[in-house]
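# Results of the structural survey
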Amino acid sequence: MKTEKGQPILNIRNLNIWYGDKGILSSLSFEVQEKQVTAFIGPANCGKSTLVRCFNRLNDFTPNFKFTGEILFKGSSLYAEQDATTVRKQIGMVFRRPTLFRGSIHENVAYAARISNVSRTSELNAIVEKNLRRTGLWNEVEGILDETPVQLSTGQQQLLCVARALAAEPEVLIFDEPCGELDPIETVKIETLMRELANDCTLIFATNKRRQAARVSDVAGFLYGGELIEFGATEKIFTNPQDSRTEQYVTGRMG
Amino acid sequence: MLANEIRELQHKLLEMAGLSEQMLRQAIESVLTRDEALARTVIATDDQVDQFENEIEAACIQLIALHQPVASELRFLTVVMKISHNIERLADKSVAIAKRSLELLEYPPVKPFVDLPYVAQVIQTMVKDVLDAFVNRNAELALGVRERDNEVDDIYEKMLHELLTILSEHPTLIPPGISILLLFRHLERVGDLAVNISEEVYYLVKGDIIRHS
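In short, a report on the structure. (Residues numbered from 1 in each chain as written. Chains lettered and ligands numbered in written order. Predicted model: local features only at pLDDT ≥ 70, side-chain atom pairs only at ≥ 80, totals over all residues.)

### Here's the deal with the packing of helix α3 (residues 105–115) of chain A against helix α4 (residues 121–134) of chain A
Residues and elements named next belong to chain A. Two elements in contact, α3 and α4, have axes whose closest approach is 9 Å; the angle formed by their N-to-C orientations is 110°. In this view, α3 runs roughly perpendicular relative to α4, as classed from their interaxial angle. Here α3 runs over α4; the crossing is right-handed. Residues His106, Val109, Ala110 and Ala113 of α3 lie in contact with α4, whose contacting residues are Leu124, Ile127, Val128, Asn131 and Leu132. Among the residues forming the contact of α3 with α4, the class breakdown is seven nonpolar, two polar and no charged. (Axes fitted to C-alpha atoms, helices over the stretch in contact; angles between N-to-C directions. Helix = DSSP H or I, 4+ residues; strand = E, 2+ residues; numbered from the N terminus. Parallel < 35°, antiparallel > 145°, perpendicular 65-115°, else oblique. Left-handed = near helix turned anticlockwise from the far one by under 90°. Contact = placed C-beta atoms within 7 Å. Nonpolar A, V, L, I, M, F, W, Y, C, P; charged D, E, K, R; others polar.)

In structure tokens:
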């Protein structure tokens with residue numbers, strides 16, 4: 001696990017989020033370091049999904065969503081950019097359930113390259129192969145690239161979603177409960193992949209599986225009731241948490 | 001669940017510690033009163049302490065495997081393994097003292113043990129306090145035990161010096177003198193073991209490793 005401090009790639013300052021009048025997150029301030037894996041843990045409805053979705057501008061279309069404070073990506077406000085698509089090329093997202101696009105396996109992975117105006121077949125093929133190899137899926141789908149991904153197992157579909165996100169060459173990759181629908185073997189594959197990806201990419205994920213955060217992350221934040229109770233090195237959170245609520249949560253006595 | 005298992009484990013560790021404290025007390029008494037039967041009782045009790053150590057270690061490993069504890073529960077289980085190991089070594093030192101006690105019975109008393117009852121008392125109080133610190137999760141009391149070991153070391157040096165003076169003047173006393181010298185050394189080591197335990201207690205409470213600092 002990497003614990004040395006890298007460069008902050010995301011800087012969150014005094015972030016407050018509401019859905020209508022309902023406060024979801026209050027006064028969050030923290031930094032996400034480059035090429036580290038940062039996990040957000042906490043019981044259901046603590047705001048962890050809302051938080052990680054902000055980094056991908058996914059709350060833009062949520063009715064009544066409003067926020068105050070700053071989310072800086074490499075020093076500039078993430079919300080200053082008019083076009084959320086520009087943000088999403090740099091900050092990718094993988095959801096709890098595999099979200100397949102229509103079309104073949106090849107078309108799913110080539111999607112980001114196509115909207116970036118890559119049209120040469122050889123170039124697209126190379127991008128598809130490279131990213132399927134990165135996720136370890138290439139050998140399993142090499143012969144069925146032009147077929148629909150619906151036939152794949154849930155775990156394979158999730159790996160395909162990671163490959164599709166990677167094809168945009170994002171600097172940050174967000175996972176919202178990435179193994180929520182997966183069995184233990186598929187979970188190990190995704191977790192192993194996440195550690196590997198952290199060599200080139202910054203990873204942020206929300207999970208309600210405490211042990212997953214312990215296994216995968218370098219830094220962990222505990223959210224409870226919309227507040228960031230504790231944020232720090234994962235080994236510290238899981239061996240000697242400073243707040244009694246974190247202690248109760250990580251030992252399974254709360255949540 | 002795990003909380004109950006942890007309570008039971010603590011109970012077992014304290015039973016082991018009680019037995020080990022009793023062995024230490026009896027071993028010292030057997031030296032001071034030249035009581036052969038008591039020395040043999042100490043030696044015979046050691047197997048029970050060994051058995052405790054094995055059982056406690058097995059229980060800790062099992063709980064770690066089955067519950068994958070974190071935070072204070074993880075610290076507790078790792079610390080219990082180390083404390084039980086130190087308590088087992090403490091019992092071994094009591095056995096060693098009892099053996100010296102038996103050896104000394106073969107010779108007439110060399111000289112009255114002036115400092116021995118005092119240093120033995122200091123050491124036994126250190127052991128008692130460090131166990132209290134464990135039970136009450138008292139880091140300050142644990143630190144106090146650690147500091148008191150300096151006094152033990154000073155008395156040990158003093159006793160050693162006196163003994164060597166006597167032996168240099170009376171070379172015929174060298175055979176029992178060697179047993180006494182070893183006896184002092186065993187006692188001094190008991191102090192070190194109490195210090196080891198105090199450092200584990202400090203880690204349990206505060207989460208900071210202070211060993212070697």
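### A short note on the pairing of strand β2 (residues 22–33) of chain A
Bridge count for strand β1 (residues 8–19) of chain A against β2(A) is eight bridges, and the pairing is antiparallel. Across the sheet, A:Ile17 pairs through a bridge with A:Leu25, a residue of β2(A). (Pairing = 2+ DSSP bridges.)

### Brief notes about the sheet that holds β1(A)
Strand order in this open sheet of four strands is β2-β1-β4-β5 (chain A), and the pairing throughout is antiparallel. Looking along the sheet, the strands with just one partner apiece sit at the ends: β2 and β5 (76–77) of chain A.

### A word on the interface of chain A and chain B
Between chain A and chain B, the residue contacts involve nine residues of the former and nine residues of the latter. Looking at the side of chain A that touches chain B, the elements with two or more residues in it are α8 (210–216), α9 (234–239) and α10 (244–250) of chain A. Residue composition of the side of chain A that touches chain B, by class: four nonpolar, three polar and two charged.

### Let's talk about α3(A)
Residue and element names in this part refer to chain A. Along α3, the residues classified as buried are Ile105, Asn108, Val109, Ala110, Ala112 and Ala113. Taken together, the buried residues of α3 touch α2 (84–90), α4, α5 (138–141) and α6 (154–166). In the segment just after α3, Asn117 is the residue with positive phi, at about 70°. (Buried ≥ 20, exposed ≤ 12 C-beta atoms within 10 Å, placed from the backbone.)

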